[in-house]
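If you want the building blocks of each chain, they are given just below.
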Amino acid sequence: VFRRNWVGVALACRGDGAGDVLPVEGGGLPVVLVRADDGVLRAFHNVSTYDACLVVLAPGRRTERLRGPYHGFEWDHRGRLLRTPYFDGSPDPDPHVLPAPGDLYEIACGEWSGLVFVCIDEPRESLVDHLAPLLERMADLGREHLAPCRTADGEVFVSTTVVPGNWKIAFENDVEVLHEAFVHAFYAESPFAPKVDANGRRTFTPIADRGLYGRAAPVEHYDDDAQPDRLPLIPVAAGPRLQEVRIADLFPNVQVGLMADHYTVGLHLPLSGDSTLNEIVLFAHADVASRGEVTERLAALWDET
């Protein structure tokens with residue numbers, strides 16, 4: 001599942017500057033994300049081909065090179081081996097004296113909406129094709145007017161929760177709706193719970209499209225126009241406001257929530273067989289996304305959920 005498909009492995013804000021490096025896990029294998037001075041984010045197997053040891057042990061900011069901790073080999077941000085100190089007795093020998101290529105093995109990598117994706121095996125489809133069901137459902141948004149929500153000190157806000165369950169349970173919980181009226185007080189007090197009418201007909205539209213699972217519902221089911229402190233609505237091409245809320249997960253571990261005044265993107269990252277890290281980034285209109293009080297309000301909403 002995790003090696004043959006595009007999977008989300010990190011939030012882009014964890015390594016968004018030139019020279020930033022971030023060790024992550026992809027399909028149970030060690031991977032390192034590196035942003036070079038050309039702004040391109042690349043992914044490599046985080047293993048030295050010479051000594052089979054990890055190359056990067058911890059996140060780093062504005063690094064000049066990657067340096068393996070065991071033999072001190074050094075690589076540039078494009079994975080090319082630069083130095084093999086004392087390999088032939090001299091402090092700075094030609095790295096080509098190695099008996100085999102010493103460059104890091106690159107992995108397919110891409111970014112979308114603040115998420116970083118890798119594909120360990122040779123990709124069977126492009127990242128754009130993988131994201132197609134999401135991209136099509138967000139095509140009407142004026143995303144150029146939106147920005148990640150930031151804390152009062154200017155950092156991108158990340159909602160972080162450890163879910164005490166397998167990643168598949170966390171995934172299903174996002175997209176299954178009949179539990180809402182029994183678990184969340186907010187929904188129990190709503191006239192639209194539990195998402196069926198008196199005749200058993202759905203009051204939402206299920207989404208099941210090329211690995212994307214979730215639902216769409218009239219925006220009024222989740223939003224009240226009478227809110228005095230509402231945020232600017234998300235700009236849409238088809239009219240003055242979004243007509244439906246869309247909440248969906250893209251297999252195997254990406255989640256998206258599209259509301260009237262903000263949207264979220266996040267990842268389900270397996271920690272163990274019964275523990276999953278859930279990280280979410282919030283986006284709102286650029287005019288208010290950098291205001292700390294806006295972030296606090298949206299963060300409280302998602303923390304409660």
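In what follows, the structure referred to is the one given above.
The rules behind the values
Residues numbered from 1 in each chain as written. Predicted model: local features only at pLDDT ≥ 70, side-chain atom pairs only at ≥ 80, totals over all residues. Heavy atoms only, no water. Helix = DSSP H or I, 4+ residues; strand = E, 2+ residues; numbered from the N terminus. Buried < 20%, exposed > 50% of the residue type's maximum accessible area, 1.4 Å probe, protein only. Contact = heavy atoms within 4.5 Å. Areas by Shrake-Rupley, 256 points an atom, 1.4 Å probe, with all protein chains shown as cover. Lys, Arg positive; Asp, Glu negative; His and termini not counted. Charge placed at Lys NZ, Arg CZ, Asp CG, Glu CD. Disulfide = S-S within 2.5 Å. Polar contact = N/O pair within 3.5 Å; in protein donor to acceptor, adjacent residues only side chain to side chain. Pairing = 2+ DSSP bridges.

Caption draft 1: Summary view of the overall build of the protein. The helix and strand tally for the protein stands at five helices and 17 strands. Dimensions of the protein, computed from the C-alpha atoms along their principal axes, are close to 80 × 35 × 35 Å. For the protein, the proportion of its 305 residues judged to be buried stands at 50%. Once local pairs closer than 6 in sequence are excluded, the contacts in the protein between residues at least 24 apart make up 58%. Surface accessibility of the protein: about 15,100 Å² in total, with carbon and sulfur atoms responsible for 53%. One finds the centroid of the 27 positive side-chain charges in the protein at a distance of 2 Å from the centroid of its 46 negative side-chain charges.

Caption draft 2: Spatial organisation of the state of the cysteines. Enumeration according to the criterion identifies zero disulfides in this entry. Unpaired in this structure, cysteine 13 has its nearest cysteine sulfur neighbour in cysteine 149, at a distance of 12 Å. Judged by relative accessible area, cysteine 13 falls into the buried class, the value being 18%.

Caption draft 3: Just the side chain of histidine 130, in detail. Mapped onto the secondary structure, histidine 130 falls in helix H1 (residues 127–137). With residues near it in sequence (within four places) discarded, histidine 130 still touches Trp6, Glu125, Leu250 and Phe251.

Caption draft 4: Region of interest: the side chain of serine 48. Counting through the fold element by element, serine 48 comes out in the loop between strand E4 (41–45) and strand E5 (66–67). What makes serine 48 buried here is its relative accessible area of 5%. A polar side-chain atom of serine 48 sits 3.3 Å from a polar atom in the side chain of aspartate 51.

Caption draft 5: Region of interest: the pairing of strand E17 (residues 275–285). Burial of E17 is extensive: eleven of the eleven residues sit out of reach of the surface. Bridge count between strand E11 (residues 158–163) and E17: six bridges; the pairing is antiparallel. Bridged to valine 163 within E17 is threonine 276. Across nine bridges, the pairing between strand E16 (residues 263–272) and E17 is antiparallel. Residue pairing across strands places proline 270 opposite threonine 276, the latter belonging to E17. Counting the residues between successive antiparallel strands, the hairpin from E16 to E17 contains two residues.

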